[in-house]
Amino acid sequence: SSGINAEYGGYNDEIIDVKPAFEGHLALATNSEQIRIVNTDTLATSVLSGHTATVLAIDTNTEHGLLASSSKDNSVMLWKHEGDSYAHVVTCTGHTAAVSGVAWSHLKDNMFVVSVSSDLTLKLWQPAKANVDKLERTKCVYTIKAHDKDINCVAVSPNDKFIISGSLDKTAKVWSAGKGNLLGVLRGHKRGIWSARFSPSTSVS
């Protein structure tokens, strides 16, 4: 039967985002400029410092031991698993407002990360030759003026072919990951969209 397996307390503010990290650990964004890496067995916590304003979103690529974070400081930071925590590798700059969402690709041979912002744009970032070992040479591949109001969320399809974004303009949009072409607009919500995901069990082609 389903139920609560564990409960973690001790935080003085909102937990904005949480993702699985490396084995036995969670990554948390807790309404501050820091990211917390928590051992789920011992509750030992390490802190990632680097952002200068509140972290709004995090995502992990457990296959490669990577973490991406986005912040109100207009930047995306990429981190790599090291010991019991993560080490900062590179900071991606170019957004002109808070970066509200970030998402990693999924496949081994197609490394990229996508970010969305209150500046109304979506950016795709990729290391040189899409190689995880060249993460420090990550550059922006393209920038799209994606929505008419603040963008709240972004996700990448399991096959890395598509990107979905959701916005305060009440729409979700589907994009081709390769070139950033708009493939479809999902309308009908009466208020802004705060979360959008692809099904992990359904093939999207």
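Our subject is the structure that appears above.
Nothing here was measured: the structure is a model prediction, and the numbers come from that model. (Residues numbered from 1 in each chain as written. Predicted model: local features only at pLDDT ≥ 70, side-chain atom pairs only at ≥ 80, totals over all residues. Heavy atoms only, no water.)

Asks: Teacher, can you tell me more about the pattern of salt bridges here?
Replies: Two side chains of opposite charge can pair, provided their charged atoms sit close to one another. By the definition in use, this model includes 4 salt bridges. One salt bridge connects Lys 108 with Glu 63, and the closest N-O pair in it is separated by 3.7 Å. Residue Lys 108 is located in the loop between strand 9 (99-104) and strand 10 (113-117), and its partner Glu 63 is located in the loop between strand 5 (55-61) and strand 6 (66-71); the two are separated by 45 residues in the primary sequence. A salt bridge links Asp 148 to Lys 145; the shortest N-O distance between them is 3.3 Å. In terms of burial, Asp 148 and Lys 145 fall into one category: exposed. (Salt bridge = Lys/Arg side-chain N within 4 Å of Asp/Glu carboxyl O. Helix = DSSP H or I, 4+ residues; strand = E, 2+ residues; numbered from the N terminus. Buried < 20%, exposed > 50% of the residue type's maximum accessible area, 1.4 Å probe, protein only.)

Asks: I would appreciate a short explanation of the pairing of strand 3 (residues 35-39) in the present structure.
Replies: The two faces of the sheet receive side chains in turn, since in a regular strand these alternate between them. For strand 3, the buried fraction is high: 4 of the 5 residues fall into the buried class. What sits between the antiparallel neighbours strand 2 (residues 25-29) and strand 3 is a turn of 5 residues, in which Asn 31 has the positive phi angle 60°. Bridging between strand 3 and strand 4 (residues 45-48) involves 4 bridges; their strand directions are antiparallel. Across the sheet, the residue bridging to Val 38 is Thr 45, located in strand 4. Here strand 3 folds back onto strand 4 in antiparallel fashion, the turn holding 5 residues, of which Leu 43 has a positive phi close to 65°. (Pairing = 2+ DSSP bridges.)

Asks: Can you walk me through the side chain of Asp 59 in this structure?
Replies: Its place among the elements puts Asp 59 in strand 5. No salt bridge is formed by the buried Asp 59; the nearest opposite charge belongs to Lys 19, separated by 4.7 Å. (Lys, Arg positive; Asp, Glu negative; His and termini not counted.)

Asks: Got a minute to help me understand the environment of Ala 172 in this structure?
Replies: Locating Ala 172 in the fold gives a position in strand 15 (residues 172-176). Along the sequence, Ala 172 and His 147 sit 25 residues apart, while their C-alpha atoms lie 8.9 Å from each other. Setting aside anything within four residues of it in sequence, one finds Ala 172 in contact with Ile 164, Ser 165, Gly 166, Gly 184, Val 185, Leu 186 and Ile 193. (Contact = heavy atoms within 4.5 Å.)

Asks: Just checking my understanding: could you explain the sheet that holds strand 15 for this structure?
Replies: Each strand in a sheet pairs with another by means of backbone hydrogen bonds, the pair being arranged parallel or else antiparallel. Taken in spatial order, the 4 strands of this open sheet run 13-14-15-16, and their pairing is antiparallel. Single-partner strands in this sheet number two, and they are strand 13 (151-156) and strand 16 (182-186). Strand after strand, the sheet turns through a mean of 20° between neighbouring axes, direction not considered. Two strands pair when backbone bridges link them, and strand 13 and strand 14 (residues 162-167) are joined in this way by 5 bridges, in the antiparallel orientation. Opposite Val 154, over in strand 14, you have Ser 165 as the bridge partner. (Axes fitted to C-alpha atoms, helices over the stretch in contact; angles between N-to-C directions.)

Asks: For this particular structure, what's the right way to read the environment of His 106?
Replies: Mapped onto the elements, His 106 comes out in the loop between strand 9 and strand 10. As a C-alpha pair, His 106 and Lys 190 span 84 residues in sequence and 32 Å in three-dimensional space. If we skip the residues at most four places from it in the chain, His 106 touches Val 156, Ser 157, Pro 158 and Asp 160. A polar side-chain atom of His 106 sits 3.0 Å from the main-chain carbonyl oxygen of Val 156. (Polar contact = N/O pair within 3.5 Å; in protein donor to acceptor, adjacent residues only side chain to side chain.)

Asks: I'm lost on the sheet that holds strand 8 (residues 85-92) in this one. Help?
Replies: Sheet architecture is open: 4 strands sit in the order 5-6-7-8, paired in antiparallel fashion. Each edge of the open sheet is held by one strand with a lone partner, namely strand 5 and strand 8. Within the sheet, the average angular offset between the axes of one strand and its neighbour, ignoring direction, is 25°. Bridge analysis of strand 6 against strand 7 (residues 76-82) gives 5 bridges, and the strand direction is antiparallel. For Ala 68, the partnering residue across the bridge sits in strand 7 and is Leu 78.

Asks: How should I be thinking about the environment of Ile 37 in this particular structure?
Replies: Here Ile 37 shows up in strand 3. Of the residues examined, Ile 37 reaches a relative accessible area of 1% and is grouped as buried. Considering only alpha carbons, one finds Ile 37 and Asp 150, 113 residues apart in sequence, at a separation of 29 Å.

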